[in-house]
Amino acid sequence: MPLLQARSIDKRFPGVRALHRVNLQLEQGEVLALVGENGAGKSTLMKILAGIQPPDQGAIFLDGHAVQIDSPRRAADLGIALIHQELYLCDNLSVGANIYLGREPQRRGLIDRRAIDEGARRALAQINLDIAPDTPLNQLPIGHQQMVEIAKALSTQARVLIMDEPTSSLTSEESAALFSVIRELRAQGVSIIYISHRLGEVGELADRVSVLRDGENVGELNRDEIDRNRMVSLMVGRDISQY
């Protein structure tokens with residue numbers, strides 16, 4: 001049984017049909033790449049899965065059961081976390097404070113800093129990031145800040161990580177470190193939806209590719225079918241081998 005399914009998702013905005021009968025299926029411990037040109041509907045679909053926007057029609061299933069994801073908090077409760085392209089972190093706070101921002105554990109009416117420290121260490125260890133939880137975030141390079149965002153999601157017991165263009169601000173070395181973390185999370189059974197325009201990354205990481213064009217499903221590629229020309233042909237709707 002798939003871990004996560006979206007069935008026949010429709011979404012319209014004034015004058016725009018963003019999604020039309022879109023389906024998506026995610027297995028446990030899988031890296032699913034979602035690709036398409038700008039405006040294909042990728043971000044809209046991910047916002048629906050993360051509870052940021054409601055669908056107009058369609059249904060979402062988790063572990064085979066229909067679920068209503070009407071807020072980011074509900075998505076988090078279900079184990080779904082969206083890591084935005086622009087990091088949602090506060091650089092004037094520590095690493096641990098960022099990981100537990102907005103859901104700080106309390107003891108006797110006060111923030112339990114020991115619990116934050118212990119929980120942050122566990123989340124950082126899960127991605128092999130050797131950073132003290134009391135380190136100010138603004139002292140970290142952007143690649144390590146990206147890892148803190150992932151640790152933040154994992155600290156909520158996330159089973160599904162949605163990564164939207166995660167390497168857009170990273171160096172090649174930082175990207176390689178991120179890829180290593182993604183592979184480790186996959187081995188731990190975490191499922192990842194990976195959105196990227198960098199098709200070389202997709203070919204390197206993805207177990208499967210789903211392609212959107214103009215708000216509709218236009219094809220899927222399994223691991224042994226993933227090829228740059230095939231992906232581009234599906235994205236633009238024509239054979240590019242002659243160009």
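The paragraphs below set out a description of the structure included in this document.

Cut-off values and rules
Residues numbered from 1 in each chain as written. Predicted model: local features only at pLDDT ≥ 70, side-chain atom pairs only at ≥ 80, totals over all residues. Heavy atoms only, no water. Helix = DSSP H or I, 4+ residues; strand = E, 2+ residues; numbered from the N terminus. Buried < 20%, exposed > 50% of the residue type's maximum accessible area, 1.4 Å probe, protein only. Core = buried A, V, L, I, M, F, W, Y, C linked by side-chain atoms within 4.5 Å. Contact = heavy atoms within 4.5 Å. Pairing = 2+ DSSP bridges. Right-handed = clockwise from strand over helix to strand, strands pointing away. Axes fitted to C-alpha atoms, helices over the stretch in contact; angles between N-to-C directions.

A short note on the environment of Gly189
- With respect to the secondary-structure elements, Gly189 resides in the loop between helix H6 (172–187) and strand E10 (191–195).
- Classification of Gly189 by relative accessible area gives partly exposed; the value is 22%.
- Between the C-alpha atoms of Gly189 and Pro136, which are 53 residues apart in sequence, the distance is 30 Å.

What about the nonpolar core?
- Counting 35 residues, the largest nonpolar core has Ile127, Ile150, Leu161, Leu185 and Ile192 as its most contacted members.
- For this core, the secondary structure elements donating two or more residues are strand E6 (80–83), helix H3 (95–99), helix H4 (113–126), helix H5 (142–154), strand E9 (160–164), H6 and E10.
- A total of 6 residues in this core trace back to one element, the largest contributor, which is H5.
- Apart from residues lying up to four places away in sequence, Leu161 is in contact with Ala81, Ile83, Ile150, Ala153, Leu154, Leu185, Val190, Ser191, Ile192 and Ile193.
- Within the second largest apolar cluster, 29 residues are counted, among which are Leu19, Leu32, Ala40 and Ala50.

A few points about the pairing of E9
- Counting buried residues along E9, 5 of its 5 residues qualify, which places the element largely inside the surrounding structure.
- Residues of E9 alternate between two faces, with Val160, Ile162 and Asp164 on one and Leu161 and Met163 on the opposite face, all of them buried.
- As judged from the 4 bridges shared by E6 and E9, these two strands associate in the parallel manner. Looking at E9, one finds that Ile80 is bridged to Val160.
- In this structure, E9 lies alongside E10, joined through 5 bridges in parallel fashion. Note on E10: the bridge partner recorded for Ile162 is Ile193.
- Between E9 and its parallel partner E10, the chain crosses via H6, and the hand of that crossover is right-handed.

A closer look at the sheet that holds strand E2 (residues 16–26)
- Taken in spatial order, the 4 strands of this open sheet run E2-E1-E4-E5, and their pairing is antiparallel. Bordering the open sheet on either side are E2 and strand E5 (65–67), each of which pairs with just one other strand. Mean inter-strand twist for the sheet, computed between neighbouring axes without regard to direction, equals 30°.
- Summarising the sheet, strand E1 (residues 4–13) and E2 pair through 7 bridges and their orientation is antiparallel. Each residue of the ladder has a partner; that of Phe13, found in E2, is Val16.
- Of the strands in this sheet, E1, E2 and strand E4 (57–62) are in contact with helix H1 (residues 42–49), which crosses E2 at around 60°.

Concerning the sheet that holds strand E11 (residues 208–213)
- With respect to topology, 6 strands assemble into an open sheet ordered E6-E9-E10-E3-E11-E12, the strand pairing being mixed. At either end of the open sheet lies a strand with only one pairing partner, and these are E6 and strand E12 (216–222). Each strand of the sheet is rotated relative to its neighbour by a mean of 20°, with strand direction disregarded.
- As paired elements, E11 and E12 share 6 bridges and run antiparallel to each other. Its bridge partner lying in E12, Val209 is registered against Leu221.
- Each of strand E3 (31–35), E9 and E10 is contacted by H6, which is oriented at about 145° to E10, the strand it contacts most.

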